[in-house]
Amino acid sequence: MLEQTDGNGSPGLLMRQKGAVTIRDFVLRYLKYLPLVILVVTLFVVMAYLKIRYSSPSYLVQASLLVNNERNETSDQDKNGKMGQLFMFAPTVNLANEIEILKSHSIIQRVVHDLHLQTLYYNKGNIRSTMIYGDCPITLNILYNGDSARGINLIVNVLNDKQFLLNGGKTTYQFGQPFTYGSARCIIDRNTTVLLQEYPTRDFIVTWQPAFDAASDIISSMKVTQLNEMATILSFSMVTENISLGRNVLNTLMAVYDSTIVEDKNRVSVITLRFIDDRLEALKNDLGRVERGMSDMMGQNMTLDLKDLSKAYQGDLSDQLNKEAELQVQIEVNKWLIDYMKNTDHEYSLVPNNLGTQEPSLLQLIIQYNQLQLQREAALKSTPAKNPMIVTMEVSLAHLRRDIIQTLENVRQAYTIAANSLEARQRQQMSQLQSLPAKSMKSVDIERQQKVLEDLYSFLLQKKLETSISSASSISNIKVLETAVGNEKPISPNNKSIYGSYISLGIFLVAIIIAIFEMFNDKVNTKSELEKAVSAPILGEVSHSEDSNTLVVTANSRRFIAEQFRIIRTNLQYVLNKSDKSVIMITSSFSGEGKSFISTNIGAVMALSGKRTVVMEFDIRKPKILSALDLKRKMGITNYIIGMADLNEMLVPVEGFDNFFVIPCGPIPPNPAELLLDPRLSELMRAVKQEFDVVILDTAPIGLVSDAVHLGQYADCTLYIVRRGYTPRKLLAMIDDLYREKRIPRISLLLNDVKVKTGYFGGYYDGYGYGYGSYGYGLDSGYFEREPNGKRVSVFKKLHKGIRNIFPNS
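Note that the structure is a prediction, hence the values are computed from the model and not measured.

(A) Structural context of the pairing of strand β14 (residues 233-240). Most of β14 is tucked away: six of the eight residues are buried. Both strand β3 (residues 59-67) and β14 contribute to a ladder of eight bridges, which runs antiparallel. Following the sheet pairing, L65 is matched in β14 by L234. Of the pairings in the sheet, the one linking strand β13 (residues 222-226) to β14 comprises five bridges and is antiparallel in character. Its bridge partner being in β14, V224 is matched across the sheet by F236.

Shown next, in the form of structure tokens:
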């Protein structure tokens, strides 16, 4: 046996380093919570299973789209004016804007309308409902809806192919029969090609919602991201309950986006064609009027001879007329453009710029104006009209519109001056023709008007053809790289993630419960707590006893608790320096810590070693030893002190032992503390020490009264009892003070009521075991007898008992 000197200078037990906590101590301390951990974790596992079992699966559908950096709609405007450039686009694409456009309600609502997603159908189950997409046994048709901003939710119970119930009511409706629901007039039709037997129940949920709300649902479940910063590839992903629905939504979205790009490119062409058609209609009328005048003159046979007579003069005049016609065309085009720009109906419309305008500054202004108009329209798809950015664009458009009108006025004025100059020259030519008859002059005037109108008409026809060709050749700048594909494996519920999170949550909840319980648990629970708080050596431990008998140490007992008392007897020899006669005082902090139980069994184990042993019942206020051993009460210590009894009259032998006796306390006096100061007590102690080899003083708790301090003068050592789960931790400071100040002799600690754990991982003992530290024999090793009431119980009873041990008051 290893020894070390304790604080009182006597040999003591070899202890662990104070405050050291091993993994084994930690495990054994918290192993009592294992039933609670198993119960809570099992409960959360069941909750996780129910969540997985009754959650609607969600699938991931993905697609990708390439957006070209350069727009394909470019055409040079040559000097002859064959084909004008309709727009000027930036060489790069802002993908952030494109993403916002793709996720805008205006685009998504077109998808909703194309796929009829305002109305959704579900088959109603007992716990969850399943979406139906495609062929459905019933269809909802809304004839009239007085409140289109409010959704419609119907629960349809199909009775047969002709009848159904609505929203759990008892009224029977006929399929195809109009009915009123709120402010809506509806019809539900039965699709007999779809069998009802294909569905678990005959209850169906039909929902209708406004297109804006349906689009919002799609937007919330969809993501559009740029593949990487260097690429112009957009990646689409959508989480949906139905893979077919997700594929159709993404494919339709890309198709709608493609068509909007082409529509934007052709918008100027459409406006230009409409503009040209209006002008052509007006020219037809003017040209018809001129041609009718020419026809009238030809009918009078005047034009044929006059042409021959004036041929010499008209050679020079013809060139002047051609130039004047071109100028008049330009003047007329400018006039049309000025009227177009000043019209408030066209305030935010694109301006045609392929009508043969030759002024570079004017052409540049029109291109900038059209670019800004397109940017405003694109921004309005994702930005409110009152946004500062939109307001800034509108201000810029107003400035550009004013500049364009001013430039057009300047250009028209220049053209007018040039035309006036040509007219002056023509008048000089005309003066040479004054000798001709007046009708010849009229013929020349009509011819000039006809020439101007015909050239203008031909010019507009040419521009109409060019614009139509440009519109027909417009293609989108996007390309579908991957059509929508859905993964058949659902992404939610994620079994591993749900089980992991629920188990983690359960463990976290248990940890909180344990932390709260430990926070409010101020009792000593483990030997390591005792070692940390008290410097005194720990003599041993005594396990919890289920035996109804106080005396657990008998002659032939091989029970574990009996072996523990034998270990304590051995350890006491080192505390007492192996003296032949010794007085052992046993005390505790307060009542209920097992002091009398320890005193009785230490006395028994000493008697079994052949030593004549007596236990003196000095807990005069609350004696328990005689009653616990079921012995008859005789005269005792108080009788001896007042002179009414001698030593032999007080001795009470313990049945089953030859050398084991008890001296009772006697009648309880009114002044126990003063009685212990009587000189006859010293005489009694001398007599007892002469008669017995081992004297055990079972004293009153030192934390309540001072009896133990006074009796300490007769003792060779003190066993201080600490009961696990009962003694408050705050009293350990008092015990440490008693040890350090040496107010009672040679204090050694005894940890009582240590739990013997069984059932989790076999049997083990939460303490020293048979020996020191963690070295010892297990309870099921065969070295010990089975404890009373050691029946094997079921797992559920063990869990119940474990929880009762954790929460004893529950």
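(B) Up close: the packing of helix α4 (residues 105-115) against helix α5 (residues 211-221). Orientation of α4 relative to α5, taken along the N-to-C sense of each, is 105°, at an axis distance of 9 Å. Judged on the interaxial angle alone, α5 and α4 are roughly perpendicular. Here α4 contributes H105, I108, Q109, V112 and H113 to the contact with α5, which in turn contributes A211, F212, A214, A215, S216, I218 and I219. The residue inventory of the contact of α4 with α5, partitioned by class, reads eight nonpolar, four polar and no charged.

(C) Here's a closer look at helix α22 (residues 732-741). Listing the buried residues of α22 in full gives L732, I735, D736, L738 and Y739. Buried residues of α22, viewed axially, fall in a sector of 155°; they line one side. Turned more than 90 degrees away from the buried face of α22 sit R740 and E741, all of them exposed. Those residues of α22 that are buried lie in contact with α13 (527-533), β22 (717-723) and β23 (747-754). Following α22 by one or two positions, K742 has its phi on the positive side, about 55°.

(D) Just the sheet that holds strand β17 (residues 582-588), in detail. One open sheet accounts for eight strands, arranged β16-β23-β22-β17-β21-β18-β20-β19; its pairing is mixed. Strands at the two margins of the open sheet, each flanked by one partner only, are β16 (538-543) and β19 (652-653). Of the pairings in the sheet, the one linking β17 to β22 comprises five bridges and is parallel in character. When the bridges of β22 are listed, T587 appears paired with Y720.

(E) Quick look at the pattern of salt bridges. For the structure on display, the rule yields 18 salt bridges. Across the salt bridge formed by D693 and K581, the nearest N and O atoms sit 3.4 Å from each other. Note that D693 is positioned in the loop between α20 (680-691) and β21 (694-698) and K581 in the loop between α14 (560-575) and β17, a separation of 112 residues in sequence. Here D693 falls in the partly exposed class, since its relative accessible area comes to 22%. The salt bridge partner of R740 is D736, with a shortest N-O separation of 2.8 Å. Pair noted here: R740 and D736 are both in helix α22, with a separation of four residues, about one helical turn.

(F) Spatial organisation of the environment of D264. Locating D264 in the fold gives a position in helix α6 (residues 243-299). Sequence separation between D264 and S476 is 212 residues, and the spatial gap between their C-alpha atoms is 9.8 Å.

(G) Representation of the packing of helix α2 (residues 34-54) against helix α12 (residues 495-520) in the model. Contact geometry of α2 with α12 gives a least axis separation of 9 Å together with a crossing angle of 150°. For the element pair α2 / α12, the angle class is roughly antiparallel. Relative to α12, α2 is oriented so that their crossing is right-handed. Together, L36, V37, V40, V41, F44, V45, M47, A48, Y49, K51 and I52 of α2 and N495, I498, Y499, Y502, I503, L505, G506, I507, L509, V510 and I513 of α12 make up the contact between the two elements. Of the residues that constitute the contact of α2 with α12, the class distribution is 19 nonpolar, two polar and one charged.

(H) Examining helix α3 (residues 95-102) more closely. For α3, the full list of buried residues reads L95, E98, I99, I101 and L102. Buried residues of α3, seen end-on, are gathered within an arc of 160° and therefore sit on one face of the element. One side-chain oxygen of the residue at the start of α3 lies 3.1 Å from the amide nitrogen of A96, identifying that residue as N94.

(I) Expanded view of the confidence of the model for the protein chain. Per-chain confidence: the protein chain averages 80 in pLDDT, with 82% of residues scoring 70 or above. Looking at the elements of the protein chain, mean pLDDT is at its lowest for strand β2 (residues 11-12), recorded as 40, and at its highest for strand β12 (residues 203-208), recorded as 95. Across residues 71-91, where pLDDT falls below 50, the model places 55 contacts with residues more than four positions away in sequence or in other chains. Taken as a whole, residues 758-765 scores under 50 in pLDDT and shows 30 contacts with residues more than four places along the chain or in a different chain.

(J) Region of the structure containing the nonpolar core. Residues M616, F618, I663, L684, V688, Y720 and L749 are the most contacted members of the largest nonpolar core, which totals 46 residues. With 40 residues, the next largest nonpolar core counts A63, L115, A215 and V256 among its residues.

(K) Structural view of the environment of A604. With respect to the helices and strands, A604 occurs in helix α15 (residues 595-608). With relative accessibility at 0%, the residue A604 sits in the buried group. Among residues more than four places away in sequence, those in contact with A604 are L551, V553, F657 and F660.

(L) A look at the sheet that holds strand β6 (residues 138-145). Pairing in this open sheet of three strands is antiparallel, and the strands run β6-β11-β10 from one edge to the other. The sheet terminates laterally at β6 and β10 (179-181), the two strands that pair on one side only. The sheet shows a mean angle of 40° between the axes of neighbouring strands, direction not considered. Bridge analysis of β6 against strand β11 (residues 184-190) gives seven bridges, and the strand direction is antiparallel. Residue pairing in the sheet places I138 in a bridge with R190 of β11.

Cut-off values and rules
Residues numbered from 1 in each chain as written. Predicted model: local features only at pLDDT ≥ 70, side-chain atom pairs only at ≥ 80, totals over all residues. Heavy atoms only, no water. Buried < 20%, exposed > 50% of the residue type's maximum accessible area, 1.4 Å probe, protein only. Helix = DSSP H or I, 4+ residues; strand = E, 2+ residues; numbered from the N terminus. Pairing = 2+ DSSP bridges. Axes fitted to C-alpha atoms, helices over the stretch in contact; angles between N-to-C directions. Parallel < 35°, antiparallel > 145°, perpendicular 65-115°, else oblique. Contact = heavy atoms within 4.5 Å. Nonpolar A, V, L, I, M, F, W, Y, C, P; charged D, E, K, R; others polar. Arc of directions from axis to C-beta. Salt bridge = Lys/Arg side-chain N within 4 Å of Asp/Glu carboxyl O. Left-handed = near helix turned anticlockwise from the far one by under 90°. Polar contact = N/O pair within 3.5 Å; in protein donor to acceptor, adjacent residues only side chain to side chain. pLDDT = per-residue confidence, 0-100. Core = buried A, V, L, I, M, F, W, Y, C linked by side-chain atoms within 4.5 Å.

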